[in-house]
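An overview of the molecular structure
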Amino acid sequence: MGSQEVSNVDWQGKHVTVAGLGVSGVPAARALHGRGALVTVVNDGDDERSRAQAAELEALGITVRLGDGDTLPESAELVVTAPGWMPGKPLFQAAAEADVPVWGDVELAWRLRGLDGREPAPWLAVTGTNGKTTTVRMLASILEAAGLRTAAVGNIGVSLLDAVLADEPYDVLAVELSSYQLHWAPSLRAHSGAVLNLAPDHLDWHGSMEGYAADKGRVYEGNTVACVYNAQDGATEDLVREADVEEGCRAIGFTLGTPGPSQLGVVDGILVDRAFVANRQKQAQELAEVGDVNPPAPHNIANALAAAALARAFGVQPSAVRDGLRAFRPDAHRIEHVADVAGVTYIDDSKATNTHAAEASLAAYEPIVWIAGGLAKGATFDELVSGAEKRLRGVVLMGADRALIREALARHAPEVPVVDLDRTDTGAMSAAVREAARLASPGDTVLLAPACASMDMFANYNKRGEAFADAVRQLADESA
């Protein structure tokens, strides 16, 4: 059965395989079972958490196969996969050989929207290497300020399936989409979409930078009103050019500089719109002040401009952009001010898990004592270090792949003092903060922007950020 035949059919009696338990698999299994599908869940793991989830689903009459994520059930007519499962898995190879379509959770949500006869809510979709969550949450804040019923969904907030199946319909959805999710969402056609930036990431999953970029570019396919791109990142504009969009859809750029026609940008500390105005050749509409963006770091202003562009594409008034940005509060561990101790500012950007995110964070402050390191995920650090060299007062390195950063510092910033912490115990972060405090002078910023993943030492970037904040607060108590 081809994918077009599965769309909008009566699910009663359809054999659907859900690949993977967890945040997307369990809701997908429940939603499909509730519509009469015969659901079999396959899962690689067979741990305590998986067994508990399996028991809940089996109580509903759903079949679950634990420790058997590679075998395609013979009866399968459709596979719905968790977004992170790699395309090369034997399960998907078997599906391709049997001509069984594979959807992700986003594709399933897209296909289920409006099946109850209601007009489905339009999607304003955001992807990019960094800044997705912040931009989507800013967008939702702006839409709420405009009086619209909305939610931040996708990788964050409300489950996308829950949102499209909600009893009380939404006016519009602010949707965060990863490259994984876009890979498995061939039918998605957003009202408007944005690619914030492109830098190498997840190349092991996508096979190449070209494959990664192509999946990001899927967010533009079929857009009806606006394709929002980063005017200072030519790769995002290239994706707009390559996209097949609805007639009349416009390319809308955002820039930290003075905007041209059909762009949003910054003039004298004001966020302005030259895209959604009557005479964009000669006029600009004031949207908000840079000070309305929290925090007003350069990359966060870019996030705000992208969110504003999508909101304006949906017809939101300028005052709602301003009010929504003022109301927005960033998530923890994203350029979060922890404390000032002895004249030194301590900033937690544990969410900077790759070089692109760390580059943006390092550009927001000077001078800096930088705490970095962890799992490099195949990244190189020469460009990052050479770009930040003039801002660095000192560097404290920790984590499994810290040597890669140390070697880049030796090549590009040999005068900058470096402390190399060869420890991974629970006290390592406290030691890193104390070493950073020793290197710092009043007026400096100690910045945790690791440029690496956290799993070598911490359960996730949240735990890493919490350890940093705890160490800073202890330092503050001792200095009081």
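That block above? That's the structure.
Below or above, wherever it landed, is the structure these notes cover. (Residues numbered from 1 in each chain as written. Predicted model: local features only at pLDDT ≥ 70, side-chain atom pairs only at ≥ 80, totals over all residues. Heavy atoms only, no water.)

1. Some points on the packing of aromatic side chains
Using the criterion set out here, one finds 4 aromatic pairs in the structure. Between Trp11 and Trp103, the aromatic rings sit 6.2 Å apart at their centres with planes inclined by 85°, giving edge-to-face as the arrangement. Residue Trp11 is found in the loop between α1 (3-6) and β1 (15-19), and its partner Trp103 is found in strand β5 (residues 102-104); the two are separated by 92 residues along the sequence. Comparing Trp11 with Trp103 shows no difference in burial state: the two are buried. Ring geometry for Phe92 versus Trp184: centroids 4.8 Å apart, planes at 50°, classification tilted. (Phe/Tyr/Trp six-rings, centres within 6.5 Å; stacked < 30°, edge-to-face > 60°. Helix = DSSP H or I, 4+ residues; strand = E, 2+ residues; numbered from the N terminus. Buried < 20%, exposed > 50% of the residue type's maximum accessible area, 1.4 Å probe, protein only.)

2. Considerations on the pattern of salt bridges
Applying the stated criterion across every chain, the model contains 24 salt bridges. Across the pair Glu478 and Arg434 runs a salt bridge, and its minimum N-O distance is 2.8 Å. Remark: Arg434 occurs in helix α17 (residues 428-439) and Glu478 occurs in helix α18 (residues 461-479); sequence separation between them is 44 residues. Between Arg473 and Asp470 there is a salt bridge, with the nearest N and O atoms lying 3.1 Å from each other. On the criterion of helical spacing, the pair formed by Arg473 and Asp470 is a turn pair, its members being 3 residues apart in helix α18. Since its relative accessible area comes to 44%, Arg473 is described here as partly exposed. A single network of salt bridges, built from pairs that share partners, joins Arg402, Arg406, Asp420 and Asp422. (Salt bridge = Lys/Arg side-chain N within 4 Å of Asp/Glu carboxyl O.)

3. Here's the deal with helix α4 (residues 90-97)
Along α4, the residues that are buried comprise Leu91, Phe92 and Ala95. End-on, the buried residues of α4 take up no more than an arc of 90°, which puts them together on one face. Residues of α4 that are exposed and point more than 90 degrees away from the buried face comprise Ala96 and Glu97. Against the buried residues of α4 lie β1, β2 (38-43), β4 (78-81) and β5. Taken from the residues just after α4, Asp99 is the one with a positive phi, measuring 60°. (Arc of directions from axis to C-beta. Contact = heavy atoms within 4.5 Å.)

4. Considering the environment of Arg393
Secondary-structure assignment places Arg393 in strand β18 (residues 392-397). Classification of Arg393 as partly exposed rests on a relative accessible area of 37%. Setting aside its immediate chain neighbours within four residues, Arg393 contacts Pro367, Ile368, Val369, Val416, Pro417, Leu439, Ser441 and Asp444. A distance of 2.8 Å separates the side chain of Arg393 from the side chain of Asp444, its partner in a polar contact. (Polar contact = N/O pair within 3.5 Å; in protein donor to acceptor, adjacent residues only side chain to side chain.)

5. So, the environment of Ala152
Structurally, Ala152 is set in strand β7 (residues 152-154). Take Ala152: its relative accessible area is 15%, and that puts it in the buried class. Placed 12 residues apart in sequence, Ala152 and Ala140 show a C-alpha to C-alpha distance of 5.8 Å.

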